[in-house]
Amino acid sequence: MALLCEDQELLEGFLTETAELLEKLDDDLVALEKMPEEMDLLNGIFRSIHTVKGASSFLGFDLLVKITHKTEDVLNRLRKDELKVTPETMDVILEAVDHIKLLVNDIRNGEIVERELDEIINKLIPYISDTFRESTVLPMETTRADDSSGNGTHPPVKTCEAPESTSPAQEPRTAETVASPEPSAPKPAQAKTAPPRGEELSDNTTVRIDVKRLDDLMNQVGEIVLERNRVLQMNIDYQSRENIVTFGEEFSKLAKRIDFVTSELQMQVLKIRMIPVEKVFKKFPRIVRNLSRDLGKEVNLEIIGEETELDRSVVDEIGDPLIHLIRNALDHGVESPEERVAAGKPRSGNVVLSATHEGNNIIISIRDDGKGIDPDKLAKKALDKGLVTEEQLAGMSGKEILDLVFLPGFSTKEKATDVSGRGVGMDVVKTNIRKLNGIIEIRSEVGKGSEFILKLPLTLAIIQSLLVDVENEVYSIPLAAVLETLKVETSSFHQVGGQEVLKLRDSVLPLLRLQKLFGVKESESSVEQSYVVIIGVAEKRIGLIVSRLLGQQEVAIKSLGKYLAKAPGIAGSTIMGDGRVALIVDPAGIIDMEESGSMGTWAA
Amino acid sequence: MATAATIKAEESQAELIQLVSFNLDREEYGVYVLKVREIIRMSNVTRVPNTPYYVEGVINLRGKVIPIISLRKKFSLSDKDHDKQTRIIVMDVDGELMGFIVDAVSEVIRVAAGEIQPPPAVVNGGVEQEYLSGVINRADRLLVLLDLERVFSQSERESLISSTL
C-alpha cells in the first residue's frame, strides 16, 4: 500500500475519474432499463465499470476490484445477449453500483472500512451463470423485498449474516466464488496508511475547466495588462505635462476600454464558475425509478435543458429543494396506474423537469400530469391545522390558497410516508429558495396536474440590481426580486387597517415605505408622486415606496461582517463607483419583517 | 535576597507596552498598539438601518466593508461634529476589522506593565467597567486603558450578531 502514500496525485486522479464515471452510471443504467436494445449505452456502462475495475486493481483496492469484477461479468452477459434487461437485473446492478460508490467514498475519506460484500456478490452471482439463475429466483425475490423496505439508496451493508446465503449452499460452483472473497486482511492496514483527507476531495472543491475557457481568460488578462500600461503611461505624460491637450479625450477612450475589458473579464470568470445544471439533474432518473417502484406508480421522467449553466454556489443549493419537489410530484401528484386509467389518462404518469435561461435568471420547472392540487382540500386542511382562520380563507384568491402549502407545519397527506411528508415540508423548500433570492410559483389544475416553477439568480456573487434613492440614501434592490416599477400619485395610495395598499390591476398590493422601515430622515417637502418597486419573493408580493429610481447596475456583493450581518432587511453591501458603500436590500427579509409586523426595534 | 520568582515578576513589571492614545471628550484613552490596524481620516459613512444606536454605519476600506462604531455614542457622551482632528481607529476585534470614531489620535506611548493600575471601582464619565482594563496615572496625565474587544457587553454582542427581529 506504499503506493497510496507516495502517489497522492495518482489517487486523486483515480477518485476524480471514478466519481465522474459513477455519477453518469446511475443515469445510464436507468436509461438502459427503458431502452434495453441500446447497445451503445450498454457498452458505455460496461466500459465505465471496466475502467473502475482496472484502476482499482492497479491501486490495490481489492474490495472494489471484487465487486466491479462481478458487476462487469453480469454486464458482459447482458452485452452478449445471454441475459435480458429486466427490472430485477437492474435492481441488482444498481445495488452493486451503490456498493461501489460506498467503497469509493471510503477511499476518499481515507478510512477503508471492512465492508461485507458477500450479500451483494451473492445477488450478482445468479446472473453470471445461466444454470443457476432459475433455481434462485425465489431467494432473489425475498432479497429485493427486504431491501426496498429498508433505505432505498443506501442498502444495509453491515449485516454479514445475510439470510440469502442459502443460495451458495445449493450450488457448489458458486459457493467457491463466494468463499474466496473472505480473506481480505490487508484492508485494516490500508486504512492506516491512507492519510485522512477530510473534505478536500469532495466533489465541489476542485474544478475542471475547459482549456478554451482558460485561454480566453488569459487573453482577457493580457488585455487588461495592456490597459494598465496605458494608464501608467498616461499618468507619466500628465505629470510631465505632455499631450495635455488631448488628455481628456484619451482618458475617456481609455475609461471605455477598461470598462469593456473588465466586464469581459468578469463574464469569463463567471463562466468558469458556471456548471451545467445536469450535475443536479442526473441524480433524478435514479430517484424517480426507485420511488415509482416503491410507490407502485408508473412514471416517466423527462428532463429538458440539463445543459443550462448556472453558478456552482447555486447548483449546490438547489439539490435538496428539487429532490423534495420531485418526491412530492411522485407521491402527491401522479396517481396510481389504476386511478389514472379510471380517469381516462395513460397508465404511466409524466414528470417533466426542465431548466431554461431567462435573462439573468434560471427557470426550473417540475411539472406532473397527476391529479393536481385541490384548493378546497387544501383550504380545509389549513383550517383544521389552525394555520388560517375562516375569515382569512374567505378573502383569499385561488393562488393564495395554493400558496398555503408553504406554511410551516403543512402537509396534505394524512399519513407521513417514507417518501414525503416527514415534517420537512414545502416551507423548507421555500426557505431554501428564498436564501438564493429566488421566487417559487405554483400552477395547478385539478385533474390535469401541477407545476412548480423556480426562478433563481444565475450567480450569488455579482448581481444585477436596481439602485433607488430613499430620501437621499442610496439602496440597491436585487433585480431578481424586482417584478416591476411604477410611478404613482401619492393620492392613489389607500389605507386598509393601518396598512398602506395600492390597487394594482385586479389585485391589492401591500405597500411598505423604505424610508420608515430603514428610519431614514424624512425631507420636508411633500411629494405628490413617488415610485413603487414591486418585489416578489417565493410566492409573496409587496410594493416598496422609494423617492427615486436611479437605474440599474451590476454590483458585487460584499458582506457586512459578522457583527452587522444580521441587520434586518439588509442582505449585504456593495461599493459604488464613487467609493461609497450602498446597502443591498434583502427582499426576503423585508417580507418577513412585514409579516411579523416588527421592525426597527433598534431605532434610537 | 530576591527570589527567582520576584525577579521574574519585576521583569514583567518592567516590560514595556505600547499604546495608541486618543482623545474623547475631555479624557485620554489608550488601546494596545498591536490591536490597531490603521488610523484613517473620517470618510463617508453609510448608515445601516436597524442597528444599535452606537453603530454609525459602514465604510469602504480599500474594497472591504467594515462597521464603524461611535465611541462618543457608546460612552453616552455629548455629540460633537466631526472635524479635521476626527479619526477612525481601525482595530482587529475578534478577528474582524472594526472602526472606532474618536475625537483625535495623539501619539504612541510606551508604558511599563507595572504602571498600569487596576481600574477604580467607579469611573466617572459613564464608561462602563467591563472594557476598562486599567488606568495609567502619570504626573501630568491620566490615561484610561480600553479593551475594545469587550466594548460590547456579551448581550450587546449577541444582539448585534443575532437578528434583532
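Residues numbered from 1 in each chain as written. Chains lettered and ligands numbered in written order. Predicted model: local features only at pLDDT ≥ 70, side-chain atom pairs only at ≥ 80, totals over all residues. Heavy atoms only, no water.

### Some points on the overall build of chain B
Helix and strand content of chain B: three helices and 11 strands. The 165 residues of chain B split such that 46% are buried. Taking as baseline every contact in chain B between residues at least 6 positions apart, the subset at least 24 positions apart corresponds to 55%. Of the roughly 8500 Å² of accessible surface on chain B, 50% is carried by carbon and sulfur atoms. (Helix = DSSP H or I, 4+ residues; strand = E, 2+ residues; numbered from the N terminus. Buried < 20%, exposed > 50% of the residue type's maximum accessible area, 1.4 Å probe, protein only. Contact = heavy atoms within 4.5 Å. Areas by Shrake-Rupley, 256 points an atom, 1.4 Å probe, with all protein chains shown as cover.)

### Considerations on the packing of aromatic side chains
The full count for this structure, using the stated rule, is eight aromatic pairs over all chains. With 5.8 Å between their ring centres and 20 degrees between their planes, Phe-22 of chain B and Tyr-29 of chain B make a pair best called stacked. Assigned by exposure class, Phe-22 of chain B and Tyr-29 of chain B land together as buried. Each ring, one from Tyr-53 of chain B and one from Tyr-54 of chain B, has its centre 5.0 Å from the other, and the planes form 85 degrees; the classification is edge-to-face. When its relative accessible area of 38% is taken as the criterion, Tyr-53 of chain B is described as partly exposed. Taking the ring centre of Phe-46 of chain A as reference, the NZ or CZ of Arg-79 of chain A above it sits at 3.8 Å. Above the face of the Tyr-238 of chain A ring, Arg-241 of chain A is positioned so that its terminal group lies 5.5 Å from the ring centre. (Phe/Tyr/Trp six-rings, centres within 6.5 Å; stacked < 30°, edge-to-face > 60°. Lys NZ or Arg CZ within 6 Å of the ring centre and 35° of its normal.)

### A short note on the side chain of Asp-469 of chain A
All names here are of chain A. Take Asp-469: it is sitting in strand E8 (residues 462–470). Residue class for Asp-469 comes out buried when judged on its relative accessible area of 6%. From its side chain, Asp-469 meets the backbone nitrogen of Asn-472 in a polar contact 3.0 Å long. Excluding anything up to four places from it in sequence, Asp-469 contacts Val-546, Ser-547, Arg-548 and Leu-550. (Polar contact = N/O pair within 3.5 Å; in protein donor to acceptor, adjacent residues only side chain to side chain.)

### Description of the packing of helix H5 (residues 87–109) of chain A against helix H6 (residues 118–128) of chain A
Residue and element names in this part refer to chain A. Interhelical geometry of H5 versus H6 gives an angle of 140 degrees and a closest axis separation of 10 Å. Looking at the two axes, H5 sits oblique to H6. As H5 packs across H6, the resulting crossing turns out to be left-handed. Only Ile-120, Lys-123, Leu-124 and Tyr-127 of H6 make contact with H5, whose side of the interface consists of Glu-88, Thr-89, Val-92, Glu-95, Ala-96 and His-99. (Axes fitted to C-alpha atoms, helices over the stretch in contact; angles between N-to-C directions. Parallel < 35°, antiparallel > 145°, perpendicular 65-115°, else oblique. Left-handed = near helix turned anticlockwise from the far one by under 90°.)

### Let's talk about the environment of Ile-366 of chain A
Residue and element names in this part refer to chain A. Secondary-structure assignment places Ile-366 in strand E5 (residues 361–368). Judged by relative accessible area, Ile-366 falls into the buried class, the value being 1%. Separated by 64 residues in the primary sequence, Ile-366 and Glu-302 place their C-alpha atoms 9.9 Å from one another. Those residues in contact with Ile-366 that lie beyond four places of it in its chain are Leu-322, Leu-325, Ala-329, Val-351, Val-352, Leu-353, Ser-450, Glu-451 and Phe-452.

### Considering the pattern of salt bridges
All names here are of chain A. Applying the stated criterion across every chain, the model contains 30 salt bridges over all chains. Glu-72 is the partner of Lys-53 in a salt bridge, and the nearest nitrogen-oxygen pair spans 2.9 Å. Of this pair, Lys-53 sits in helix H3 (residues 39–59) while Glu-72 sits in helix H4 (residues 62–79), and the two are 19 residues apart along the sequence. Here Arg-230 and Glu-250 are joined by a salt bridge, their closest N and O atoms 2.7 Å apart. Residue Arg-230 is located in helix H12 (residues 211–239), and its partner Glu-250 is located in helix H13 (residues 247–273); the two are separated by 20 residues in the primary sequence. (Salt bridge = Lys/Arg side-chain N within 4 Å of Asp/Glu carboxyl O.)

### Quick notes on the packing of helix H2 (residues 8–34) of chain A against H3 of chain A
All names here are of chain A. The N-to-C vectors of H2 and H3 enclose an angle of 155 degrees; their axes lie 9 Å apart at closest approach. Taken together, the axes of H2 and H3 are roughly antiparallel relative to one another. Both H2 and H3 take part in a crossing whose hand is left-handed. Facing H2, whose interface residues are Leu-10, Phe-14, Glu-17, Thr-18, Leu-21, Leu-25, Asp-28, Leu-29, Ala-31 and Leu-32, H3 presents Leu-41, Leu-42, Ile-45, Ser-48, Ile-49, Thr-51, Val-52, Ala-55, Ser-56, Phe-58 and Leu-59. When its residues are assigned to classes, the contact of H2 with H3 shows 15 nonpolar, four polar and two charged. (Nonpolar A, V, L, I, M, F, W, Y, C, P; charged D, E, K, R; others polar.)

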